[in-house]
Amino acid sequence: MEEDLKFPTVLKNRIELALKSAAYFDKELKGQILAIKESIRSIEEREPHAVGHSEKVAKYARRIAEQLDEKLILEENQMSKENFLKEIFLAGLLHDIGKAGISKQILLKRHPLNESEWEQIKVHPCSAYLLLRMCGERLKDMSLMILHHHERWNGSGYPYGLKGKEIPLGSRVLGIADSYEVMIAGRVYHEKVPPLDAMSEIVTMSIGEDRLYDKDVCRAFLKALKASPLDFSIKKKDEHIELSEELETKLSL
Ligand SMILES: [Fe+2]
């Protein structure tokens with residue numbers, strides 16, 4: 001318990017240190033990422049199945065973003081695709097740093113959580129946002145992507161219940177990358193889902209009026225899976241192609 005209480009402060013210091021040279025962000029990107037990865041690992045080690053989660057989310061998010069239309073990125077984020085890819089990768093790495101403020105007891109509890117426990121979980125995007133905003137203006141876009149990574153297209157997400165395109169594009173990408181990774185890795189509160197089933201589930205949740213995810217981002221997700229299945233833990237060659245095509249049709253109906 002005492003260790004739990006000290007943990008957020010220790011972590012905050014380490015992340016601040018890692019991000020302090022934000023002015024040299026691009027030049028020093030490699031070194032920054034190494035330092036960030038080390039800090040993230042200490043959060044993830046507190047939760048079984050979560051080790052490596054942020055790094056995978058970062059990679060999936062970048063793969064998905066690679067398939068997005070350049071014009072869409074410029075329109076919604078006022079940034080070049082190249083910069084968007086860098087931002088989304090870092091946002092993926094850092095998206096769960098706010099979990100440092102959640103006690104191990106809650107992280108390790110099997111769901112359902114009670115109301116006050118949920119409140120603690122729901123605050124983690126805000127904690128991450130506040131922490132990153134203290135690290136300088138350079139991280140503003142990325143902080144917003146992280147703040148809204150649990151918002152859902154139909155308004156059912158948190159912390160603000162934003163809907164549709166009110167949710168930043170980067171957060172919509174992170175949402176799919178994060179959910180897919182959690183499904184295939186499993187958690188204390190649910191079993192692992194095979195990657196092809198997880199793929200179908202994400203598509204099902206991107207269809208209809210009450211959908212959770214953005215259709216355009218889901219389309220990019222399917223394209224990314226087709227282009228680099230191994231990166232999405234789909235091991236057997238070609239087993240995803242037929243399914244991707246079937247799902248693409250389902251998504252366009
Ligand atoms: Fe999260």
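Up top is the structure.
Here is what the cut-offs are and how they apply
- Residues numbered from 1 in each chain as written.
- Predicted model: local features only at pLDDT ≥ 70, side-chain atom pairs only at ≥ 80, totals over all residues.
- Helix = DSSP H or I, 4+ residues; strand = E, 2+ residues; numbered from the N terminus.
- Buried ≥ 20, exposed ≤ 12 C-beta atoms within 10 Å, placed from the backbone.
- Contact = placed C-beta atoms within 7 Å.
- Axes fitted to C-alpha atoms, helices over the stretch in contact; angles between N-to-C directions.
- Parallel < 35°, antiparallel > 145°, perpendicular 65-115°, else oblique.
- Left-handed = near helix turned anticlockwise from the far one by under 90°.
- Nonpolar A, V, L, I, M, F, W, Y, C, P; charged D, E, K, R; others polar.
- Expected span 1.5 Å × (residues − 1).
- Core = buried A, V, L, I, M, F, W, Y, C linked by C-beta atoms within 7 Å.

Asker: Can you help me understand the overall build of the chain in this one?
Answerer: Counting its secondary structure elements, the chain contains 13 helices and zero strands. Counted from the first residue to the last, the chain has its helices and strands arranged as α-α-α-α-α-α-α-α-α-α-α-α-α. When the 253 residues of the chain are sorted by exposure, 39% land in the buried category. At a minimum sequence separation of 6, the contacts of the chain that also span at least 24 residues come to 64%.

Asker: Sorry, what's going on with the packing of helix α12 (residues 215-227) against helix α13 (residues 241-252) here?
Answerer: Packed helices, taken two at a time, are described by the angle between their axes plus the distance between the axes. Across the interface, α12 lies against α13 with an axial gap of 10 Å and an inter-helix angle of 165°. Classified by the angle their axes make, α12 and α13 are roughly antiparallel. As for the relative orientation of α12 and α13, their crossing is left-handed in sense. Here Lys215, Cys218, Arg219, Leu222, Leu225 and Lys226 of α12 come into contact with α13, specifically with Ile241, Ser244, Leu247, Glu248 and Leu251. A class-by-class count of the residues in the contact of α12 with α13 yields six nonpolar, one polar and four charged.

Asker: Is there a simple way to think about the environment of His95 in this case?
Answerer: Inspection of the secondary structure puts His95 in the loop between α5 (81-94) and α6 (104-107). Sequence spacing of His95 and Ser54 is 41 residues, and the spatial spacing of their C-alpha atoms is 7.2 Å. With near-sequence residues (within four places) excluded, His95 lies in contact with Ser54, Val57, Ala128, Ile146, His149, Leu174 and Asp178.

Asker: What should I look at first to understand α5 in this one?
Answerer: Look at α5: 20 Å from first C-alpha to last across 14 residues, which is about the 20 Å you get at 1.5 Å a residue. Among the residues of α5, Phe84, Glu87, Ile88, Phe89, Leu90, Ala91, Gly92, Leu93 and Leu94 are the ones counted as buried.

Asker: What's the story with the nonpolar core in this structure? I'm lost.
Answerer: In summary, soluble globular proteins display a tendency toward joint burial of nonpolar side chains. Counting 54 residues, the largest nonpolar core has Ala61, Ile64, Val173, Ile176 and Phe221 as its most contacted members. Those elements that place two or more of their residues in this core are α2 (29-44), α3 (53-66), α5, α8 (124-133), α9 (140-147), α10 (169-185), α11 (195-204) and α12. Phe221 has contacts with Ile64, Ile176 and Ile202, leaving out every residue within four places of it along the chain.

Asker: Honestly, the environment of Pro48 in this entry has me stumped. Any pointers?
Answerer: Note on placement: Pro48 falls in the loop between α2 and α3. Sequence-wise, Pro48 and Leu108 are 60 residues apart; in three dimensions their C-alpha atoms are separated by 7.8 Å.

Asker: For this particular structure, what's the right way to read α8?
Answerer: In an α-helix, one full turn covers 3.6 residues, which means residues spaced three or four apart are oriented alike. Buried residues dominate α8, accounting for seven of its ten residues. Among the residues of α8, His124, Pro125, Ser127, Ala128, Tyr129, Leu131 and Leu132 are the ones counted as buried.

Asker: Quick question: what am I supposed to make of the packing of α5 against α10 here?
Answerer: Here α5 crosses α10 at 50°, and the two axes come no closer than 10 Å. In terms of axis orientation, α5 runs oblique to α10. Relative to α10, the crossing made by α5 is right-handed. Of the residues in α10, those touching α5 at Glu87, Ile88, Ala91 and Gly92 are Gly170, Val173, Leu174 and Ala177. Per-class residue counts for the contact of α5 with α10 are five nonpolar, two polar and one charged.

Asker: What's the story with the environment of Lys165 in this structure? I'm lost.
Answerer: Its location among the elements puts Lys165 in the loop between α9 and α10. Once the C-alpha coordinates of Lys165 and Trp153 are considered, the two residues, twelve residues apart in sequence, prove to be 7.7 Å apart.

Asker: I would appreciate a short explanation of unusual backbone geometry in the present structure.
Answerer: Trans peptide bonds make up most of the peptide bonds, and negative phi angles are found at most residues other than glycine. With an omega of 5°, the peptide bond between Tyr158 and Pro159 qualifies as cis. Summarising the element assignment, Pro159 is placed in the loop between α9 and α10. In this model, Gln78 sits at a positive phi of 45°, which is unusual for a non-glycine residue. Note that Gln78 resides in the loop between α4 (70-77) and α5. You can call Gln78 exposed: it has 10 C-beta atoms within 10 Å. Here Ser233, not a glycine, exhibits a phi torsion of approximately 65°, which is positive. Take Ser233: it is sitting in the loop between α12 and α13. Using a count of 15 C-beta atoms within 10 Å as the deciding quantity, one classes Ser233 as partly exposed.

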